[in-house]
Structure formats: structure tokens, C-alpha cells
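Breakdown of the fold
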Amino acid sequence: MAKSAVQPPPAAERIRAVVRAIPLGQVAGYGDVARRAGLPGRARLAAHVLSANEDPTLPWHRVVRSDGRIAFPAGSDGFIEQSRRLRAEGVVVLHGRVRMPPRPAFDMDAEIWG
């Protein structure tokens, strides 16, 4: 009987797992999320997965552009909601931008894979 290789979870599932592992009050860039999900260079895929999200418990608001900017157009409903959620967690949002950690402030791999 041949052994079958264990397949990794689909990319979208891995991206969502990484987003769930971002601690309250912290942020990560789309590229960092993709890299931690084992998808280096796929920041746009991470953004696409989050834009299609229908899970209200997913902390999508903790993901921003690599320079700390909120990706939604300024003043849009998404921009306002993301800013509100981040501020509610104690994240300082100034002019649509947050301060990015100089290095990962948490070990997502340990959070996800133990």
C-alpha cells in the first residue's frame, strides 16, 4: 500500500490562519502575511483572500500595506471601519497610517503550528 503525501492546506486557508494569529493590538503587512503562510511574494493574493472574506470573526483589520497605510481609499466605509477597529485595539492610526513593527512582534509560525 503506497503512502500518500500529506498535502498542505489551501493557500486561502493558510492566509486566514496567519491573520488569526496576529495578536490583538498588532498589525502585519500583506506581504508578511503571505510569507508566513508559505507564499512569499504573494501579497496581492493575501489582499484578495481578505477582500473576499465572509467570516466576521477574522481580524482582517490587522493587515495593512507594508508602509503601514490602510489599503482602502481615505474616507471610504472600509477605511473608516478598519481605522475604528484598530483604534479600539489601541493601535495609533494617524492620517490613515499605523506604525509598523521593525520586525515581527510575534512568532506567527509558533502561533499557528505550535
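All figures in this text were calculated on a predicted structure; none of them were measured in a lab. (Residues numbered from 1 in each chain as written. Predicted model: local features only at pLDDT ≥ 70, side-chain atom pairs only at ≥ 80, totals over all residues. Heavy atoms only, no water.)

**A word on the overall build of the protein chain**
The condition that has to hold: Put simply, DSSP H or I for four residues or longer makes a helix, DSSP E for two residues or longer makes a strand, and each gets a number counted from the N terminus. Note on definitions: a residue-residue contact is assigned when non-hydrogen atoms from the two residues lie within 4.5 Å. Accessible surface is estimated by sampling points in the Shrake-Rupley manner with a 1.4 Å probe; for residues, cover comes only from the protein chains shown.
A count of helices and strands for the protein chain gives five helices and two strands. Shown N-terminal to C-terminal, the secondary structure of the protein chain runs as helices and strands in the order α-β-α-α-β-α-α. Across the protein chain, every contact between residues at least 6 apart in sequence was considered, and the portion connecting residues at least 24 apart equals 63%. Surface exposure of the protein chain reaches about 7,200 Å², of which carbon and sulfur atoms provide 54%.

**Digging into helix H4 (residues 77-88)**
This is how it is decided: Any helix carries an expected span of 1.5 Å times its number of residues minus one. Burial status follows relative accessibility: with a 1.4 Å probe on protein chains alone, a residue under 20% of its type maximum counts as buried, one over 50% as exposed, and anything between as partly exposed. What the arc covers is the set of directions going from the helix axis to the C-beta atoms.
Here H4 is twelve residues long and its end C-alpha atoms lie 16 Å apart, about the 16 Å a rise of 1.5 Å per residue gives. Among the residues making up H4, those that are buried are Gly78, Phe79, Gln82, Ser83 and Leu86. For H4, the buried positions fall inside an angular range of 130° around the axis, keeping them on one side. Of the exposed residues in H4, those oriented more than 90 degrees away from the buried face are Asp77 and Ala88. Lining the buried residues of H4 we find strand E2 (63-64).

**Concerning the layout of surface pockets**
Put simply, the rule reads: Grid spacing is 1 Å over the protein atoms alone, the probe is 1.4 Å, and a cavity is where that probe fits but cannot get out, while a pocket is an open set with protein on both sides within 12 Å along at least five of seven lines and lining residues have an atom within 4 Å of a point. Grid points are joined across faces, edges and corners, and a volume is the space filled by probe spheres set on the points. Note on residue categories: nonpolar means Ala, Val, Leu, Ile, Met, Phe, Trp, Tyr, Cys or Pro, charged means Asp, Glu, Lys or Arg, and polar means any other residue, Gly included.
The volume enclosed by the largest pocket comes to roughly 240 Å³. Forming the walls of the largest pocket are 14 residues, and the residues nearest its centre are Tyr30, Leu50, Ser51, Trp60 and Phe72. Going through the elements one at a time, helix H3 (43-51) and H4 are the ones with two or more residues in the lining of the largest pocket. Looking at which element gives the most residues to the lining of the largest pocket, the answer is H3, with three residues. Considering only residue class, the lining of the largest pocket consists of nine nonpolar, three polar and two charged.

**Observations concerning the nonpolar core**
Stated formally: Only buried residues count toward a nonpolar core, which is a set of Ala, Val, Leu, Ile, Met, Phe, Trp, Tyr and Cys residues joined through side-chain atoms within 4.5 Å.
Judged by nonpolar contacts, the single largest core of 16 residues is most densely connected at Ile15, Val19, Val33, Ala46, Leu50 and Val63. Those elements giving two or more residues to this core turn out to be helix H1 (11-20), helix H2 (30-36) and H3. Once you skip the residues sitting within four places of it in the chain, Ala46 turns out to touch Ile15, Tyr30, Val33 and Ala34. Residues Val27, Val64, Phe79 and Val98 belong to the second largest nonpolar core, which totals eight residues.

**A look at H3**
Within H3, burial applies to Ala46, Val49 and Leu50. Buried residues of H3, seen end-on, are gathered within an arc of 95° and therefore sit on one face of the element. Exposed residues pointing more than 90 degrees away from the buried face of H3 are listed as Arg44, His48 and Ser51. Residues of H3 that are buried sit in contact with H1, H2 and E2.

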